[in-house]
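Coordinates in review
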Amino acid sequence: MLEQVKTEVGRLRCDLVNRGEVVFQRPFVIKSIECAVRFILGALLSGAKVFGGFAPFGVAITASSGSGVEGISSLLGVLSGYLLFSSIDIAVKYIAISMLVYAVAFTFRGTKLITMDWAMPLAAAFVAACIGIVYAAYDGWRFLTITMYLTETILIGGSTYFYKIALSPWRSGKNDDSEMCHTVSVLLLIGTCLITAQKLQVDIISIGRTAAVFIVLVAGYRGGVFAGAATGISMGIAMDIGAGEPFFSMVYAFSGLISGVFYKQGKLFFVLAYIVANAVSVLWRWQLPINMSPLYETFIATVVFILVPSKQLASWGAAFASGSGSNSASGVRSYAAARLEKASLAFREVYESMRSTFEDGNTDADVGIVFDVAAERVCRKCKASMKCWHRNYIDTANAMNDATPKMLERSKLMTDDFPAHFSQQCLKLEQFTEAANDELRSLLHRRQFKARLRENQSVLYSQYEELATVLKSVARELRAEMSGSPLLEHKLQKYLKSMDIDAQTSVFRDSRGRLHVEIRSTRVPEIANDPEGLNKLSAVVGARLCENTAEKRANGRMVLMEAEPFAASVGIASARKKGESVSGDSGTYFKTDEGILYVILSDGCGAGESAARESINALKILERFLRAGIEPETALKILNSVILVRNNDGTLCMTVDLLTLDLFSGEARIYKYGAAPSYIKNGSEVSRFTGEALAAGLCIEGVCGADCMRLTLKEGSYIIIASDGVATALDDEWLKKSAAEYNGECARELALTLLEKAIEKYGQEDDMTVLTVLLQKRA
């Protein structure tokens, strides 16, 4: 029975709640509530007196409410408030101003002029000035009278402007300045309402001041030091204007400032900090008797503050919440990365689908069809066919099997390939052999065509795999977070300001942890031209900086990066083949923003201009992809695919050496496509690194790839990369000996020495290129 009662009560409660939500969503109810709020605001604000008897805020709320039912509701509230809170002479003055202001709004309703932001503030100020001048003249035009007259006029115009903003519905999508203006306007509206509310007292406790303390608590708890202090000042000024002496502005501001320091330490610790700061600021005055009302009001407000759920406080204090920095850029990067990852998965699916289809296809590898077709053409009309292919089928099949290896070895069938017993019995051996050779040629042509087709297909579907890898790599780079360094940026700003340089700065670390510094200022040349400028900036951020030469210093922008602990010098020496105008070898090197040094050497097939053209194209393709941040393995696969597609006659190929050297760690990788050996020199020890891969353009996709050797270099190590015209693995002892005997510290000198010895040993029978890299600690 009890359970049924509980169920029925719950059902009725849900029914009432749903009906209540429906009722409150009706336009008439919403409009009625808004009119009631306007009426209450009009009554409260008309009772707010400043400077000893001026009450301008009722006029302002009337002017900001317009000419509709909201305006009528505000006007009725203002009329009631002035009659309730003011003497008859003051009430008549402000009621007259309010009615004239409403008359202006009603007269110009529907016009474009009245919708302008400053239209009603100016109209209200003008009406107030016209009526106020009568009172000023009656008072004798004294200095204080003129000052109060002008102040009142300005207050009416300004309050109208801010009240209109505060009572307008907030729309998302506005900028930060608009949001701040809306928050300030709401605070001004609440503060002026509390001027009247502080008169409502229970013994010595003011309801208005208690509400003011609660608002300061919410602002400080959600917004920290600055929000707490600013709200404390505004609420305090409102209370002081109504009370007539500057006291609460100091108390509220100091309490909001101190408690705001602890806004991340939890609600209880925050409240204790506010109570202590409030007590100290009250007792600072040391005047007897001590005003105890702020202490009681603070106690009540803090109890209410603690009892209010944190979720509700978060909703009320959203306007004061301190931002943690804009994450819009990070959100865009994550969105783009997610889209790229989906595209990568799509291309990966295409690759897997195509690969499974092509790899499972018929290879046409059955050689028996050669004899089947020959038998169909020759033996069917032979009178001995029944004997050979029926009664003696096993003997005939064995004869075909015996002839097959020799036929495939020379790609041609001869009568001598058959066993003697079959040759003697076959009546049309010559015709059978000729027919078999015709079909064999067709079979070999089909095999060659299918092999070429399969090779092209493998290049095609491998392109999808490589594209998927590239997209995934870019997505990974986008997802890598760039961590800002606010402390270092603050130190940099302080240093620049000490030099009287006004600049915009950005300091952050990339995904590899490398520090980046960007300075934008019209006085960037002064910083750059200072001989010690770079050292001074390095001392400020605590890391050695170097200028990013890839970023041109233009438009007042200077880009610096953390200098790598290692420095590499590259030496190149080359000689073209005797009788040729250009060398078929091409080499280049470059460093990326990540601190990776890339060294590339390509040897085109043959010599002369055609070889040079192909090797240069290979360099350009590799460099483009590597500079774009594509992994070397993927970049080399793409290069091999490009050469395979272009290799129409099967003669286009080239060797490729690629060295990657991390100047932060000294880790190196050497990739080879059919290239000559490379060498590592550590002191007097020289090691050889060779590869087994074919040249680029000869490696079939999915079957073979570039060789990769990983190593870690020490300070003073040399890497020697040479083309096959300089040395081969079968004859390189002279090179190892020459490199071991070299004691200098110049990469180019070593490259020239090795090239001269190679020319002396071999002459110039081929293009010759030597690339040397020396790793040293940065001075």
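Residues numbered from 1 in each chain as written. Predicted model: local features only at pLDDT ≥ 70, side-chain atom pairs only at ≥ 80, totals over all residues. Heavy atoms only, no water.

Within the secondary structure, cysteine 181 sits in helix α8 (residues 176-197). Spatially, the C-alpha atoms of cysteine 181 and alanine 166 are 8.8 Å apart, while their sequence positions differ by 15 residues. (Helix = DSSP H or I, 4+ residues; strand = E, 2+ residues; numbered from the N terminus.)

Read across the open sheet, the 5 strands follow the order β9-β10-β11-β12-β15; overall the sheet is antiparallel. Looking along the sheet, the strands with just one partner apiece sit at the ends: β9 (585-591) and β15 (707-712). With direction set aside, neighbouring strand axes in the sheet form an average angle of 10 degrees. Relative to strand β11 (residues 654-662), strand β10 (residues 596-604) runs antiparallel, the two being bridged by 9 bridges. Note on β11: the bridge partner recorded for tyrosine 598 is threonine 660. Against the sheet, helix α24 (residues 608-627) contacts β9, β10 and β11, and its axis sits at roughly 15 degrees relative to β9. Across the sheet, helix α25 (residues 632-646) touches β10, β11, β12 (667-673) and β15, and the angle it forms with β12 is around 15 degrees. (Pairing = 2+ DSSP bridges. Axes fitted to C-alpha atoms, helices over the stretch in contact; angles between N-to-C directions. Contact = heavy atoms within 4.5 Å.)

Another aspect to go through is the pairing of strand β4 (residues 504-509). Each regular strand displays side chains that alternate between the two surfaces of the sheet. Pairing geometry for β4 and strand β5 (residues 515-520), over 6 bridges, is antiparallel. When the sheet's bridge partners are listed, serine 506 is paired in β5 with glutamate 518. With antiparallel pairing between neighbouring strands as the criterion, β4 and β5 make up a hairpin whose turn holds 5 residues, including glycine 513 at a positive phi of roughly 90 degrees.

For the rest of this paragraph, the subject is unusual backbone geometry. A positive phi angle, close to 60 degrees, is found at serine 411, a residue other than glycine. The backbone of aspartate 500 sits at a positive phi, close to 60 degrees, despite the residue not being glycine. Within the secondary structure, aspartate 500 sits in the loop between α21 (486-498) and β4.

Turning our attention to the environment of glutamine 198. Inspection of the secondary structure puts glutamine 198 in the loop between α8 and β1 (201-202). Classification of glutamine 198 as buried rests on a relative accessible area of 6%. (Buried < 20%, exposed > 50% of the residue type's maximum accessible area, 1.4 Å probe, protein only.)

In this section: the sheet that holds strand β14 (residues 685-689). Read across the sheet, 5 strands follow the order β8-β17-β16-β13-β14 without closing on themselves; strand pairing throughout is antiparallel. Edge positions in the sheet fall to β8 (566-575) and β14, since each has one partner strand and no second. Strand-to-strand twist across the sheet, computed as the mean angle between neighbouring axes with direction ignored, equals 20 degrees. Where β8 lies against strand β17 (residues 768-777), 10 bridges are found, and the strand directions are antiparallel. Note on β17: the bridge partner recorded for isoleucine 572 is leucine 771. Of the strands in this sheet, β13 (678-682), β14 and β16 (718-722) touch helix α26 (residues 733-741), which is tilted by about 140 degrees from β14. Sheet strands touched by helix α27 (residues 747-762): β8, β16 and β17. Its angle to β8, the strand with the most contacts, is close to 25 degrees.

Another point: the side chain of glutamate 564. Structurally, the position occupied by glutamate 564 is in the loop between β7 (557-562) and β8. Beyond its immediate sequence surroundings of up to four residues, glutamate 564 is in contact with Arg514, Lys591, Gly595, Leu663, Phe664 and Arg778.

Here the focus is α25. For α25, spanning 15 residues, the distance from its first C-alpha to its last is 21 Å, which sits close to the expected 21 Å at 1.5 Å a residue. For α25, every residue scored as buried is listed here: Pro632, Thr634, Ala635, Leu636, Ile638, Leu639, Asn640, Ser641, Ile643 and Leu644. (Expected span 1.5 Å × (residues − 1).)

This part covers the side chain of threonine 396. Tracing the backbone shows threonine 396 in helix α18 (residues 393-410). Using a relative accessible area of 4% as the deciding quantity, one classes threonine 396 as buried. In contact with threonine 396, not counting residues within four places along its chain, are Cys388, Trp389 and Phe422.

Let us now look at the packing of helix α2 (residues 27-46) against helix α3 (residues 57-64). Running from amino to carboxyl end, α2 crosses α3 at an angle of 155 degrees, the nearest separation of the two axes being 7 Å. Classified by the angle between their axes, α2 and α3 sit roughly antiparallel to one another. Residues Arg38, Leu41, Gly42, Leu45 and Ser46 of α2 lie in contact with α3, whose contacting residues are Phe57, Gly58, Ile61 and Ser64. When the residues that make up the contact of α2 with α3 are grouped by side-chain class, the tally is 4 nonpolar, 4 polar and 1 charged. (Parallel < 35°, antiparallel > 145°, perpendicular 65-115°, else oblique. Nonpolar A, V, L, I, M, F, W, Y, C, P; charged D, E, K, R; others polar.)

Turning our eyes to something else, we now look at the packing of helix α5 (residues 88-107) against helix α6 (residues 119-138). In a packed pair of helices, the relevant descriptors are the angle between the two axes and the axis-to-axis distance. Where α5 meets α6, the axes come as close as 9 Å, and the angle between the chain directions of the two elements is 145 degrees. For the pair α5 and α6, the crossing hand works out as right-handed. Contact residues: Asp89, Lys93, Ala96, Ile97, Leu100, Val101, Val104 and Ala105 in α5; Met120, Ala123, Ala124, Val127, Ala128, Ile131 and Tyr135 in α6. Among the residues forming the contact of α5 with α6, the class breakdown is 13 nonpolar, no polar and 2 charged. (Left-handed = near helix turned anticlockwise from the far one by under 90°.)

Between its first and last C-alpha atoms helix α11 (residues 248-260) spans 17 Å; for 13 residues at 1.5 Å apiece the expected length is 18 Å, and the two agree. Among the residues making up α11, those that are buried are Phe248, Ser249, Val251, Tyr252, Ala253, Ser255, Gly256, Ser259 and Gly260.

Turning our attention to the pattern of salt bridges. Counted under the stated rule, the structure contains 22 salt bridges. Glutamate 34 is the salt-bridge partner of arginine 38, the closest N and O atoms lying 3.5 Å from each other. Of this pair, arginine 38 and glutamate 34 both sit in helix α2, 4 residues apart, which is roughly one turn of that helix. On the accessibility criterion, arginine 38 (9% relative accessible area) is buried. Residue arginine 377 is joined to aspartate 438 by a salt bridge in which the shortest nitrogen-to-oxygen separation is 3.7 Å. Residue arginine 377 is located in helix α16 (residues 368-377), and its partner aspartate 438 is located in helix α20 (residues 429-479); the two are separated by 61 residues in the primary sequence. (Salt bridge = Lys/Arg side-chain N within 4 Å of Asp/Glu carboxyl O.)

Let's shift gears to the confidence of the model for the protein. Put simply, the protein has an average pLDDT of 81, and 83% of its residues get 70 or more. Confidence scores differ between elements of the protein, with helix α1 (residues 2-24) showing the lowest mean pLDDT of 50 and β16 the highest of 94. Taken together, the stretch residues 19-24 has pLDDT below 50 and engages in 4 contacts with residues farther than four places along the chain or on a different chain. Low confidence marks residues 324-328, where pLDDT is under 50. Its contacts with residues over four positions away, or in another chain, come to 0 contacts. (pLDDT = per-residue confidence, 0-100.)

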